Amino acid sequence: MLLEGESAKRLPVVEAAASELARLRVDRDEPLVAIGGGALGDAAGFLAATYLRGIPVVHVPTTLVAQIDSSLGGKTAVDLPEGKNLVGAFHQPAAVVIDVALLATLPERQRRAALGEAVKMAALGDERLFELLEHRGDAIARGDASAVEHGDVAELVERCAWAMVEVVLADERERERGPRDGRITLNLGHSLGHAIEAAAGYRELLHGEAVAYGLRAACRIGVTTGVTPPERAARITGLLDKLGLAQQPLPYGLESVLDHLATDKKHTGGRLRWVLPTADGVEIHADVPDDVVTAAAGSMLAAGSAS
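Residues numbered from 1 in each chain as written. Predicted model: local features only at pLDDT ≥ 70, side-chain atom pairs only at ≥ 80, totals over all residues. Heavy atoms only, no water.

### Quick look at the packing of helix α4 (residues 108-123) against helix α5 (residues 127-142)
Step number 1: With their axes 9 Å apart at the nearest point, α4 and α5 run at an angle of 175 degrees to one another. Viewed along their axes, α4 and α5 adopt a mutual orientation that is roughly antiparallel. Contacts from Glu108, Arg111, Arg112, Leu115, Ala118, Val119, Met121, Ala122 and Ala123 of α4 reach α5 at Leu129, Phe130, Leu133, Gly137, Asp138, Ile140, Ala141 and Arg142.
Step number 2: In terms of residue class, the contact of α4 with α5 is built from 11 nonpolar, one polar and five charged. (Axes fitted to C-alpha atoms, helices over the stretch in contact; angles between N-to-C directions. Helix = DSSP H or I, 4+ residues; strand = E, 2+ residues; numbered from the N terminus. Parallel < 35°, antiparallel > 145°, perpendicular 65-115°, else oblique. Contact = heavy atoms within 4.5 Å. Nonpolar A, V, L, I, M, F, W, Y, C, P; charged D, E, K, R; others polar.)

### Section: the pattern of salt bridges
In a structure, side chains of opposite charge can pair up when their charged atoms sit close to one another.
Step number 1: For the structure shown, the criterion picks out 20 salt bridges.
Step number 2: Here Glu197 ties to Lys84 by a salt bridge, and the two come within 3.3 Å at their closest N and O atoms. In this pair, Glu197 is assigned in helix α8 (residues 190-199) and Lys84 in strand β4 (residues 83-90), connecting sequence segments 113 residues apart. By the burial criterion, Glu197 is buried, and Lys84 matches it.
Step number 3: Through salt bridges that share partners, Glu108, Arg112, Asp138, Arg142 and Asp144 make up one connected network. (Salt bridge = Lys/Arg side-chain N within 4 Å of Asp/Glu carboxyl O. Buried < 20%, exposed > 50% of the residue type's maximum accessible area, 1.4 Å probe, protein only.)

### Structural notes on empty space enclosed by the protein
Step number 1: Per the stated rule, a full pass over the model turns up four cavities of 30 Å³ or more.
Step number 2: Those elements that place two or more of their residues in the lining of the largest cavity are β4, α8 and α11 (254-261).
Step number 3: Considering every element that reaches the lining of the largest cavity, the biggest residue donor is α8, with four residues.
Step number 4: Residues belonging to the lining of the largest cavity are distributed by class as follows: four nonpolar, five polar and four charged. (1 Å grid on protein atoms, 1.4 Å probe; cavity = no way out; pocket = protein on both sides within 12 Å on 5 of 7 lines; lining within 4 Å. Points joined across faces, edges and corners; volume = space filled by probe spheres on them.)

### Some remarks on the environment of Ile236
Step number 1: Mapped onto the secondary structure, Ile236 falls in helix α10 (residues 230-242).
Step number 2: Each C-alpha atom of the pair Ile236 and Asp29 lies 45 Å from the other, and the pair is 207 residues apart in sequence.
Step number 3: Not counting residues up to four positions away in its chain, the partners in contact with Ile236 are Val119, Ala123, Phe130, Cys219 and Pro277.

### Digging into α5
Step number 1: With 16 residues, α5 extends 23 Å between its outermost C-alpha atoms, agreeing within 8% with the 22 Å of an ideal straight helix rising 1.5 Å per residue.
Step number 2: Residues of α5 that are buried include every one of Leu129, Phe130, Leu132, Leu133, Gly137, Ala139, Ile140 and Ala141, and no others.
Step number 3: On the buried face of α5, the contacting elements are α4, α6 (145-149), α7 (152-170) and α10.
Step number 4: The N-cap of α5, judged by a side-chain oxygen 3.2 Å from the amide nitrogen of Arg128 a few residues on, is Asp126.
Step number 5: With its phi angle positive at about 75 degrees, Gly143 sits one or two positions after the end of α5. (Expected span 1.5 Å × (residues − 1). Polar contact = N/O pair within 3.5 Å; in protein donor to acceptor, adjacent residues only side chain to side chain.)

### Some details on the sheet that holds strand β5 (residues 95-96)
Strand pairing in a sheet is mediated by backbone hydrogen bonds. Such pairs are either parallel or antiparallel.
Step number 1: Pairing is parallel in the open sheet, where three strands are placed in the order β1-β2-β5. Either end of the sheet is taken by a strand with one partner, and the two such strands are β1 (32-36) and β5.
Step number 2: Where strand β2 (residues 57-61) meets β5, two bridges bridge the pair, whose relative direction is parallel. Bridge pairing in β5 links His59 to Val96.
Step number 3: Packed on one face of the sheet, helix α2 (residues 38-50) meets β1 and β2 and runs near 170 degrees to β1. (Pairing = 2+ DSSP bridges.)

Written out as structure tokens, the structure reads:
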């Protein structure tokens, strides 16, 4: 079954694929091998988690965003019209096979968008990754041969992947409730990022592009609430500028974005838990005023439209 993009992450697609596994009489010991990008891997992982109450899955990520983020950690999910990743399960892969040579065939837009996730990982506290992206990020995005020959691409993938693994090993199911750690930290930039993706109908923006907008919003919220030092916010947003990410106002309605934000999975006790940058990492806050969130969301939209 060949699918790409968010069109793969729908319950009817999972049902059709499960029927095919049943027709083939796949048993619990036979692995499902997911070869493709992040969306396909998310759906394949969910199928593996639920078919026969769980079969092995092997990820072979072919996109940069999948290699540094979505193929790792065992989060599987499909989308609903009401929001992104609302139906899913935790199901760790039996193996993840990464070959950075596959990235040479990607369109530049996909490589560049994936760097939105890489900026997130840098903002969590990886100073070396920050410097790598500041000096070599654009070359990586452009597919410059020197970025491969000098090991920049390999270092980017390895640093992001191992950081992800370490966080997941410490808090696989996002149960940690500390103010500065736990798997929820990986959601930096994702709350409003996911809301924007949903407002766009999962068609117009790539995931990393949406995360980049979410990072800008998180910086604005952090500065307004006194969590994020202005110089740290300036470094994060300046890096996004260097990489050409999240620079243009979006044409979506503010009300639509906020409605989708209300379905975000990170609500606890009726309050959304925000991941906000600090001087050297992040903190979790569930007390962000609604008007601050509204202003941050509006700042990403054309004229802060309320349509």
